[in-house]
Amino acid sequence: MGPIIVATNFSKLADNAVAYAAAIASHFNVKLMLFNAFQIPLHASNTRFPAAYIDELIEINRNKLKETAASLESEYKISVDYECIYAQLEFKIDNLMEELGASLLVIGMSGKSLEQNLLGNPTTTLISMKKFPVLAVPVSAKFKGMKKILFSCDLMQAVPLKTLAKLKILSSNLKSDVTVFYVDKLIDELKLNTKTISNIDTQLEKVTYLYKNIESDTVIEEIEKEIKRSDSELLVMMPKAYGFWESLVHKSKTRVMASGLNIPLLSIPIK
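Rules behind the numbers
Residues numbered from 1 in each chain as written. Predicted model: local features only at pLDDT ≥ 70, side-chain atom pairs only at ≥ 80, totals over all residues. Heavy atoms only, no water. Buried < 20%, exposed > 50% of the residue type's maximum accessible area, 1.4 Å probe, protein only. Helix = DSSP H or I, 4+ residues; strand = E, 2+ residues; numbered from the N terminus. Arc of directions from axis to C-beta. Polar contact = N/O pair within 3.5 Å; in protein donor to acceptor, adjacent residues only side chain to side chain. Phe/Tyr/Trp six-rings, centres within 6.5 Å; stacked < 30°, edge-to-face > 60°. Lys NZ or Arg CZ within 6 Å of the ring centre and 35° of its normal. Pairing = 2+ DSSP bridges. Axes fitted to C-alpha atoms, helices over the stretch in contact; angles between N-to-C directions. Contact = heavy atoms within 4.5 Å. Core = buried A, V, L, I, M, F, W, Y, C linked by side-chain atoms within 4.5 Å. Expected span 1.5 Å × (residues − 1).

Caption draft 1: Representation of helix H7 (residues 194-203). Of all the residues in H7, the buried ones are Thr196, Asn199, Ile200 and Gln203. The buried side chains of H7 occupy one side of the element, clustering within an arc of 100° when seen end-on. Its side-chain oxygen 3.0 Å from the backbone nitrogen of lysine 195, asparagine 193 forms the N-cap of H7.

So, in structure tokens, the structure goes:
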């Protein structure tokens, strides 16, 4: 497993994501990178700021990151680096992920609201745009291992081997039980993708796992119910990529779930 990057804006939500990421980095014995990308608020952006002012803000944030890094290194016994830039996070994170060979981006998950569902937030934007794993962490989540993982997927569609390989590494290292969860209006065993099931069986061969299928037309609600029923500590999903016009009529279930869960959501993109 490669280094972990955690995005922070120094809010309470971000601080919790940083602590969660540090605990994971300690568990996997990998390096942690604190990343702060910021911009001047829109209402103030029309004002012409001298370059020295931006440099001063960067220096202030870097000092905050430096203090946080030192504290995390002492508490979690890990190597922590940090970076601060004046830019939008979603447009710069790709380069940093590639430069570090990072395996995961950790970011805070905002609470659920109608506005979040309709418009999204930085977390849901990253999940829908990026081609690397994103772990969204709610403000109440604390890392104490992940004994139960809920893997929600469509058993009528293909599940990439790379996705299953990442799930296997995670569940094996954490010694987690995995529930493969599928929701559809009508469960027809004959229509299930036999290759997908075979791939899951092969890839998760040494992992304790089970299948659970639910007949329902309310997928998101059933996932939320199953999280409570099973006491799952992590939800894993695969966001589907839609083109511009498709995105106007399709609402990503992964994106919706990334607004207001009480457990972390790991989004593993389909490549």
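Text resumes after the structure shown.
Caption draft 2: Spotlight on the side chain of asparagine 36. Mapped onto the secondary structure, asparagine 36 falls in strand E2 (residues 32-38). A distance of 2.9 Å separates a polar atom in the side chain of asparagine 36 from the backbone oxygen of threonine 8. Here the side chain of asparagine 36 touches asparagine 61 through a polar contact of 2.8 Å, side chain to side chain.

Caption draft 3: Just the packing of aromatic side chains, in detail. Inspection of the entire model under this criterion finds 3 aromatic pairs. One Lys or Arg, lysine 64, reaches over the ring of phenylalanine 10 and ends 4.9 Å from the middle of that ring.

Caption draft 4: Region of the structure containing the sheet that holds strand E9 (residues 234-237). With mixed pairing, 10 strands are arranged side by side in an open sheet as E3-E2-E1-E4-E5-E10-E9-E6-E7-E8. Strands at the two margins of the open sheet, each flanked by one partner only, are strand E3 (80-86) and strand E8 (209-215). Strand-to-strand twist across the sheet, computed as the mean angle between neighbouring axes with direction ignored, equals 25°. Relative to E2, strand E1 (residues 4-7) is paired through 4 bridges, and the arrangement is parallel. Bridge pairing in E2 links alanine 7 to phenylalanine 35. Sheet strands touched by helix H3 (residues 89-100): E1, E2, E3 and strand E4 (104-109). Its angle to E2, the strand with the most contacts, is close to 155°. Lying on the sheet, helix H6 (residues 161-174) is in contact with strand E6 (148-152), strand E7 (177-184), E9 and strand E10 (265-267); it crosses E6 at an angle near 170°.

Caption draft 5: Main features of the environment of phenylalanine 143. On the secondary structure map, phenylalanine 143 appears in the loop between strand E5 (134-138) and E6. In sequence terms phenylalanine 143 and alanine 23 are 120 residues apart; their C-alpha atoms lie 6.4 Å from each other. Those residues within four positions of phenylalanine 143 in sequence are excluded, and the remaining contacts are Tyr20, Ala23, Ile24, His27 and Leu174.

Caption draft 6: Region of the structure containing the nonpolar core. Among the nonpolar cores identified, the biggest contains 53 residues, and Ile4, Leu32, Leu34, Val106, Leu135 and Phe151 are the most heavily contacted of them. Looking at which element gives the most residues to this core, the answer is helix H1 (residues 12-28), with 9 residues. Sequence-distant contacts of leucine 135, defined by excluding residues within four places in its chain, comprise Tyr20, Ile24, Leu104, Leu105, Val106, Ile107, Leu234, Pro264, Leu265 and Leu266. Among the nonpolar cores identified, the runner-up in size contains 14 residues, and Ala7, Ala37, Leu89 and Ile93 belong to it.

Caption draft 7: Main features of unusual backbone geometry. Although it is not a glycine, phenylalanine 10 adopts a positive phi angle of roughly 70°. Phi is positive for lysine 175, close to 55°, though the residue is something other than glycine. Here lysine 175 lies in the loop between H6 and E7.

Caption draft 8: Local environment of the pairing of E9. On E9, burial covers both faces: Leu234 and Val236 on one face and Leu235 and Met237 on the other are all buried. With 3 bridges connecting them, E6 and E9 associate as parallel partners. Bridge pairing links leucine 150 to leucine 235 in E9. Both E9 and E10 contribute to a ladder of 3 bridges, which runs parallel.

Caption draft 9: Broad picture of the pairing of E4. Among the 6 residues that make up E4, 6 are buried, leaving the element largely enclosed by the rest of the structure. Note: E4 against E5, 5 bridges, orientation parallel. Within E5, the residue paired with methionine 109 across the bridge is proline 138.

Caption draft 10: Layout of H6. Between its terminal C-alpha atoms H6 stretches 20 Å, which fits the 20 Å expected from 14 residues at 1.5 Å a residue. Along H6, the positions that sit buried rather than exposed are Thr163, Leu164, Leu167, Leu170, Ser171 and Leu174. When H6 is viewed along its axis, its buried side chains cluster within an angular range of 125° and face the same direction. Across H6 from its buried face, at more than 90 degrees, point the exposed residues Lys162 and Ile169. Of the surrounding elements, those touching the buried residues of H6 are H1, E6, E7, H7, E9 and E10. Of the residues one or two after H6, lysine 175 is the one with positive phi, at around 55°.

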